Amino acid sequence: QVQLVESGGGLVQAGGSLRLSCATSGRSFSRYSMAWFRQAPGKEREFVAGISWSGGRTYYASSVKGRFTISRDNAKNTVYLQMNSLKPEDTAVYYCAADDGNDCAGYVCYRPQKYNYWGQGTQVTASS
């Protein structure tokens, strides 16, 4: 069983930065596709960023591209989301997700159905 624990959320002023971390259990982290999703009140969960096994391929929602960076440290079983230039519309609960199937490639990485393990979420609030 894979467990995901997010940390690093909080309250920040618009324009500020936060770094989210997701510590992952399991013996095969280097073969997990990883992603971040978010869900704002009254809205559906949406893809934010995804990363392949080696970190060589990354994917971003258009709304965060150029501001957010996903990365991973396979030695520490951890994936990160660096969020810069935060906007009030980035306010949401952010979820870490993992998939132990095929490596992340192309449009499949954007689909929540690909991921079979999810964290509990961490709240990010960007105030105006």
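Each remark here, short or long, concerns the structure printed above.
Residues numbered from 1 in each chain as written. Predicted model: local features only at pLDDT ≥ 70, side-chain atom pairs only at ≥ 80, totals over all residues. Heavy atoms only, no water.

Draft legend 1. Expanded view of the state of the cysteines. A full pass over the atoms with the stated rule returns two disulfides. The disulfide that involves cysteine 22 links it to cysteine 96, with 2.1 Å between the sulfurs. On the sign convention where negative means left-handed, the S-S torsion of about -85 degrees between cysteine 22 and cysteine 96 marks this disulfide as left-handed. With a gap of 74 residues between them, cysteine 22 in strand S3 (residues 18-24) and cysteine 96 in strand S9 (residues 92-99) connect regions that are remote in the sequence. Of the residues examined, cysteine 22 reaches a relative accessible area of 0% and is grouped as buried. Of the residues examined, cysteine 96 reaches a relative accessible area of 0% and is grouped as buried. Paired by a disulfide, cysteine 104 and cysteine 109 hold their sulfur atoms 1.9 Å apart. The residues cysteine 104 and cysteine 109 share a single accessibility class, namely buried. Taken in N- to C-terminal order, the disulfide-linked cysteines of the protein are connected 1-2, 3-4. (Disulfide = S-S within 2.5 Å. Helix = DSSP H or I, 4+ residues; strand = E, 2+ residues; numbered from the N terminus. Buried < 20%, exposed > 50% of the residue type's maximum accessible area, 1.4 Å probe, protein only.)

Draft legend 2. Seen up close, the pattern of salt bridges. By the definition in use, this model includes five salt bridges. Its salt-bridge partner being arginine 38, residue glutamate 46 comes within 2.6 Å of it at the nearest N-O pair. The buried category is assigned to arginine 38, whose relative accessible area is 5%. Residue aspartate 99 is joined to lysine 114 by a salt bridge in which the shortest nitrogen-to-oxygen separation is 2.7 Å. (Salt bridge = Lys/Arg side-chain N within 4 Å of Asp/Glu carboxyl O.)

Draft legend 3. Focus on the pairing of strand S8 (residues 78-83). Counted residue by residue, S8 has five buried out of six residues, so it is predominantly covered. Examined bridge by bridge, strand S7 (residues 68-73) and S8 share six bridges and lie antiparallel to one another. Residue pairing in the sheet places arginine 72 in a bridge with valine 79 of S8. Counting the residues between successive antiparallel strands, the hairpin from S7 to S8 contains four residues, one of them, asparagine 77, with a positive phi of roughly 55 degrees. (Pairing = 2+ DSSP bridges.)

Draft legend 4. The arrangement of the pairing of strand S4 (residues 33-39) in detail. With six of seven residues buried, S4 lies mostly within the body of the structure. Inspection of the sheet shows S4 paired to S9 by seven bridges, in the antiparallel sense. Note that in S9 the partner of phenylalanine 37 across the bridge is tyrosine 95. For S4 and strand S5 (residues 46-51), the ladder comprises five bridges, and the chain directions are antiparallel. If you follow phenylalanine 37 over to S5, its bridge partner there is phenylalanine 47. Where S4 hands over to S5, the hairpin turn is made up of six residues, of which glycine 42 adopts a positive phi near 75 degrees.

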